[in-house]
Amino acid sequence: MALIVQKYGGTSVGDVDRIKNVAKRIQKSREEGHSLVVVVSARSGVTNELIARAKAINDRPDTREMDMLLAIGEQETIALTAMALHAIGVPAVSYTGAQAGISTDRVFTKARIKQIKPTPILADLKAGKVVIVAGFQGVTPEGDVTTLG
């Protein structure tokens, strides 16, 4: 049994039907006996829509607040992907970047990963769950959400 990391971009998870198709692909890999960590992006167009909304309010939005806003896209997708897996009988759990133990520097909108502490992920993998992780995000030592550059 291998540990496989799968990454699905925004087009792959662009709508409910596509998320269901991703869930079926994940299920197939799991049925082959693999443990899976799945990294997903925001649905296609969501990040651009969020940026446009922010700039409609303030043409130079604060970078910390932009990271708070942009993290929403991936959080929607991780939850929907986990729900799609549950619907077909696959145990799964979703993680934000912070919950996944992804620590970054303090450079908002362009953060770099400094450390990953995957302890909770490893525990869920051992318990037989598929782990769904939000791409594009992490957390500073102070607990602020960051997006990766």
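The text that follows walks through the structure, step by step, so that each part is easy to find. (Residues numbered from 1 in each chain as written. Predicted model: local features only at pLDDT ≥ 70, side-chain atom pairs only at ≥ 80, totals over all residues. Heavy atoms only, no water.)

Looking at where Thr77 falls in the secondary structure, it is placed in helix α3 (residues 63-87). Under the relative-accessibility criterion, Thr77 is labelled buried at 0%. If we skip the residues at most four places from it in the chain, Thr77 touches Val13, Val40, Ser41, Ala42 and Arg43. (Helix = DSSP H or I, 4+ residues; strand = E, 2+ residues; numbered from the N terminus. Buried < 20%, exposed > 50% of the residue type's maximum accessible area, 1.4 Å probe, protein only. Contact = heavy atoms within 4.5 Å.)

So, on to the environment of Val38. As for its position among the elements, Val38 is in strand β2 (residues 35-40). Spatially, the C-alpha atom of Val38 lies 5.6 Å from that of Val5, the residues being 33 residues apart in sequence. Apart from residues no more than four positions distant in its own chain, Val38 is found in contact with Gln6, Tyr8, Ile26, Val130, Val131, Ile132 and Val133.

For the rest of this paragraph, the subject is the environment of Ile88. Within the secondary structure, Ile88 sits in the loop between α3 and β3 (92-95). Taking the C-alpha atoms as reference points, Ile88 and Pro120, 32 residues apart in sequence, are found 24 Å from one another. Ignoring sequence-local partners within four residues, the contact set of Ile88 consists of Ala23, Lys24 and Gln27.

Attention now goes to the pattern of salt bridges. Oppositely charged side chains may form a pair once their charged atoms are brought near each other. Per the counting criterion, the structure on display carries 7 salt bridges. For the salt bridge of Glu76 with Arg43, the shortest nitrogen-to-oxygen distance reads 3.0 Å. Taken together, the residues Glu76 in helix α3 and Arg43 in the loop between β2 and α2 (46-57) connect sequence positions 33 residues apart. For Glu76, a relative accessible area of 30% puts it in the partly exposed group. Note that Glu142 is salt-bridged to Arg106, the shortest N-O span being 2.6 Å. Remark: Arg106 occurs in the loop between β4 (102-104) and β5 (113-116) and Glu142 occurs in the loop between β7 (137-139) and β8 (145-147); sequence separation between them is 36 residues. Residues joined in a network through salt bridges with shared partners are Arg64, Glu65 and Asp144. (Salt bridge = Lys/Arg side-chain N within 4 Å of Asp/Glu carboxyl O.)

Attention shifts here to the layout of surface pockets. Here the largest pocket is characterised by a volume of approximately 270 Å³. Every residue lining the largest pocket is counted, 18 residues in all, and those nearest its centre are Val37, Ile102, Ile116, Ile121 and Val133. Of all the secondary-structure elements, those providing two or more residues to the lining of the largest pocket are β1 (3-8), β2, β5, α4 (119-126) and β6 (130-134). By residue number, the principal contributor to the lining of the largest pocket is α4, which donates 3 residues. Taken together, the residues that form the lining of the largest pocket break down as 16 nonpolar, 2 polar and no charged. (1 Å grid on protein atoms, 1.4 Å probe; cavity = no way out; pocket = protein on both sides within 12 Å on 5 of 7 lines; lining within 4 Å. Points joined across faces, edges and corners; volume = space filled by probe spheres on them. Nonpolar A, V, L, I, M, F, W, Y, C, P; charged D, E, K, R; others polar.)

Moving on to the packing of helix α1 (residues 16-31) against α3. When two helices pack together, you describe them by how their axes are tilted relative to each other and by the distance separating the axes. Orientation of α1 relative to α3, taken along the N-to-C sense of each, is 60 degrees, at an axis distance of 9 Å. One element, α1, and the other, α3, form an angle in the oblique class. By crossing handedness, the relation of α1 to α3 is classed as right-handed. Residues Ile19, Ala23 and Ile26 of α1 form the contact with α3, whose own contacting residues are Leu80, Thr81, Ala84 and Leu85. Along the lines of polarity and charge, the residues of the contact of α1 with α3 split into 6 nonpolar, 1 polar and no charged. (Axes fitted to C-alpha atoms, helices over the stretch in contact; angles between N-to-C directions. Parallel < 35°, antiparallel > 145°, perpendicular 65-115°, else oblique. Left-handed = near helix turned anticlockwise from the far one by under 90°.)

Interpretation note: all reported values are geometric properties and have no functional meaning in isolation.
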